[in-house]
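# Architecture and fold: a report
These are the residues of each chain, in order.
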Amino acid sequence: MAVDDEHFREFVETRYVDLLRVAYHLTGSAQDAEDLVQAALVKVMRRWRRVDDPMAYLRRVMINQHISVWRRHRMHEVVTAFFPERPTPDMTETVTERSALYEAMRALAPRTRAVIVLRYVVDLPEAEVAAALGCSVGSVKSRASRGLACLRLALAPDAPPSAKSATPTPASADPAPTGTTRMTGVTP
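Just so you know, these numbers come straight off a predicted model, no measurement behind them. (Residues numbered from 1 in each chain as written. Predicted model: local features only at pLDDT ≥ 70, side-chain atom pairs only at ≥ 80, totals over all residues. Heavy atoms only, no water.)

### Focus on the pattern of salt bridges
Note that side chains of opposite charge can pair when their charged atoms are close. Tallied over the entire structure, the rule returns three salt bridges. Across the salt bridge formed by glutamate 6 and arginine 9, the nearest N and O atoms sit 3.1 Å from each other. Taken together, the residues span about one helical turn, with glutamate 6 and arginine 9 both in helix α1 (residues 2–27) at a distance of three residues. The salt bridge partner of aspartate 18 is arginine 15, with a shortest N-O separation of 2.9 Å. You can see aspartate 18 and its partner arginine 15 sitting in helix α1, three residues apart, about one turn around the helix. Arginine 15 sits in the partly exposed class, given a relative accessible area of 29%. (Salt bridge = Lys/Arg side-chain N within 4 Å of Asp/Glu carboxyl O. Helix = DSSP H or I, 4+ residues; strand = E, 2+ residues; numbered from the N terminus. Buried < 20%, exposed > 50% of the residue type's maximum accessible area, 1.4 Å probe, protein only.)

Structural data, given as structure tokens:
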């Protein structure tokens, strides 16, 4: 038992920052990220002896925990940052861009956000993202594609505000142009 406790402690000491980074990208808030990591570590600590790949398992636990909290509360929190005046370079543009990115990320569905975070922030291959989320590689590709399209639309500098909240529709959902018929193999 003490050996397992020591392995768990070593793992947490070496990988806590990585876990916190993933959690921050999932939640968009430093406080919520810390809470999410702590809750995930408590859950994993009970099953530590049975975990083969702890980092993947913890990411999955954090994603599930975040999705369940999101489903329970479904309230939108606006995170703002107020900086005191300091003689430093003006970072307004960077802060504004980052804030817009996090706002756009929060507008994504939780599973799509998880795909974007695991694929592009953690830099996992599609197969590992699919394994972590328990879905197919094709599902990861389509969620990533749709999520990136939504982010591009939301972050486009010339897009009107109404388009920034809209979700792009897939090409397969476009109706056929009027005046055309679909060939079904049956002659009239």
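Here the narrative resumes, following the displayed structure.
### Focus on helix α2 (residues 30–46)
If you check α2, its first and last C-alpha atoms are 25 Å apart, about what 17 residues at 1.5 Å a residue would give, namely 24 Å. When we look at burial in α2, the residues that qualify are Ala33, Leu36, Val37, Ala40, Leu41 and Val44. Along the axis of α2, the buried residues cluster in a sector spanning 130°; they form a single face. Exposed residues on α2 whose side chains face more than 90 degrees from its buried face are Gln31, Asp35 and Arg46. (Expected span 1.5 Å × (residues − 1). Arc of directions from axis to C-beta.)

### Looking at the packing of helix α5 (residues 110–121) against helix α7 (residues 137–155)
Packing of α5 against α7 brings their axes to within 9 Å, and their N-to-C directions diverge by 95°. Compared by their axis directions, α5 and α7 come out roughly perpendicular. In this structure, α5 uses Arg111, Thr112, Val115, Ile116 and Tyr120 to contact α7, whose residues at the interface are Val140, Arg143, Ala144, Gly147, Leu148 and Leu151. Taken together, the residues of the contact of α5 with α7 break down into seven nonpolar, two polar and two charged. (Axes fitted to C-alpha atoms, helices over the stretch in contact; angles between N-to-C directions. Parallel < 35°, antiparallel > 145°, perpendicular 65-115°, else oblique. Contact = heavy atoms within 4.5 Å. Nonpolar A, V, L, I, M, F, W, Y, C, P; charged D, E, K, R; others polar.)

### Some thoughts on the packing of aromatic side chains
Evaluation of the coordinates by the stated rule reveals three aromatic pairs. Taken together, a centroid distance of 5.0 Å and an interplanar angle of 75° make the contact between phenylalanine 8 and tryptophan 48 edge-to-face. A residue pair is termed long-range when its members are at least 10 positions apart, and phenylalanine 8 in helix α1 and tryptophan 48 in the loop between α2 and α3 (54–73) qualify at 40 residues. Under the relative-accessibility criterion, phenylalanine 8 is labelled buried at 11%. Aromatic pair phenylalanine 11 and tryptophan 48: ring centres 5.3 Å apart, planes at 45°, arrangement tilted. Highlighted residues: phenylalanine 11 in helix α1 and tryptophan 48 in the loop between α2 and α3, separated in sequence by 37 residues. Of the two residues, phenylalanine 11 and tryptophan 48, neither departs from the other in class, the shared state being buried. Positioned above the aromatic ring of tyrosine 120, the side-chain terminus of arginine 119 is 5.6 Å from the ring centre. (Phe/Tyr/Trp six-rings, centres within 6.5 Å; stacked < 30°, edge-to-face > 60°. Lys NZ or Arg CZ within 6 Å of the ring centre and 35° of its normal.)

### Considering the packing of helix α4 (residues 92–107) against α7
Each pair of packed helices gets described by two things: the angle between the helix axes and the distance between those axes. The N-to-C vectors of α4 and α7 enclose an angle of 135°; their axes lie 10 Å apart at closest approach. Looking at the two axes, α4 sits oblique to α7. For the pair α4 and α7, the sense of crossing is right-handed. For the pair α4 and α7, contact is made by Ala100, Leu101, Ala104 and Met105 and by Leu151, Ala154 and Leu155, respectively. Along the lines of polarity and charge, the residues of the contact of α4 with α7 split into seven nonpolar, no polar and no charged. (Left-handed = near helix turned anticlockwise from the far one by under 90°.)

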